[in-house]
Amino acid sequence: RMVLRVKKAFFGKLLQQGPSWHDMTNSAEMSGRLSQDAFYLKDGCGDQLVRLYSAVACTASGVICSFSRDWRMALIMLAVMPVAAFAIATFISMTEICTNAQSESYISAGGIAE
């Protein structure tokens, strides 16, 4: 429902634009961008949110289990966790940059093909 609501809002704003804006904008590229953004929205609100909650719950339970087992193991885990988080954040950032560049090239290619 959220994706449908976003598409309706996009179409409503599209109708409010002036004729000069429509002359300068490629309609095929815009439809490709809308479908790609709707896919990202659907993917982000569904499976990715569940994965985030699962990862947070697993991390919290791992820290609790390590404290209950041996406090030294918990200290090692807590010391390594920021380094691992920084590495994961860097990887996610680089992946996002590459994905955005690839998405832009697919959208512009789709606009040229139609």
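Residues numbered from 1 in each chain as written. Predicted model: local features only at pLDDT ≥ 70, side-chain atom pairs only at ≥ 80, totals over all residues. Heavy atoms only, no water.

Caption draft 1: Seen up close, the overall build of the protein. Of the regular secondary structure elements, the protein holds five helices and zero strands. When the helices and strands of the protein are listed from N to C terminus, the series reads α-α-α-α-α. Taken over the C-alpha trace, the protein has a radius of gyration of 22 Å; the compact-globule value for 114 residues is 13 Å, which it surpasses by more than 25%. Along the longest, intermediate and shortest principal axes, the C-alpha atoms of the protein span 70 × 30 × 20 Å. Out of the 114 residues belonging to the protein, those deemed buried represent 9%. If you take every contact in the protein between residues at least 6 apart in sequence, the share linking residues at least 24 apart comes to 61%. (Helix = DSSP H or I, 4+ residues; strand = E, 2+ residues; numbered from the N terminus. Rg over C-alpha atoms; globule rule 2.2 N^0.38 Å. Buried < 20%, exposed > 50% of the residue type's maximum accessible area, 1.4 Å probe, protein only. Contact = heavy atoms within 4.5 Å.)

Caption draft 2: How the structure looks around the pattern of salt bridges. Counted according to the given criterion, the structure contains one salt bridge. Here D70 ties to R72 by a salt bridge, and the two come within 3.6 Å at their closest N and O atoms. (Salt bridge = Lys/Arg side-chain N within 4 Å of Asp/Glu carboxyl O.)

Caption draft 3: Looking closely at the layout of surface pockets. Considered as a void within the structure, the largest pocket measures approximately 180 Å³ in volume. Ranked by residue count, the leading element in the lining of the largest pocket is helix 5 (residues 71-113), at five residues. Class assignment of the residues belonging to the lining of the largest pocket gives a composition of one nonpolar, four polar and one charged. (1 Å grid on protein atoms, 1.4 Å probe; cavity = no way out; pocket = protein on both sides within 12 Å on 5 of 7 lines; lining within 4 Å. Points joined across faces, edges and corners; volume = space filled by probe spheres on them. Nonpolar A, V, L, I, M, F, W, Y, C, P; charged D, E, K, R; others polar.)

Caption draft 4: The confidence of the model for the protein, seen in detail. Predicted confidence across the protein gives a mean pLDDT of 81, with 92% of residues reaching 70 or more. Confidence, expressed as mean pLDDT per element, reaches its minimum in the protein at helix 3 (residues 27-45) with 74 and its maximum at helix 4 (residues 47-69) with 86. (pLDDT = per-residue confidence, 0-100.)

Caption draft 5: Structural view of the environment of D23. Looking at the secondary structure, you find D23 in helix 2 (residues 19-24). Residue D23 is classed as exposed on the basis of its relative accessible area of 68%. Along the primary structure D23 and E104 are separated by 81 residues, whereas in three dimensions their C-alpha atoms are 20 Å apart.

Caption draft 6: Looking closely at the environment of S61. Mapped onto the fold, S61 is located in helix 4. With a relative accessible area of 37%, S61 lands in the partly exposed category. Remark: the alpha-carbon pair of S61 and I97, spanning 36 residues in sequence, is separated by 32 Å. A polar atom in the side chain of S61 sits 3.0 Å from the backbone oxygen of C58. (Polar contact = N/O pair within 3.5 Å; in protein donor to acceptor, adjacent residues only side chain to side chain.)

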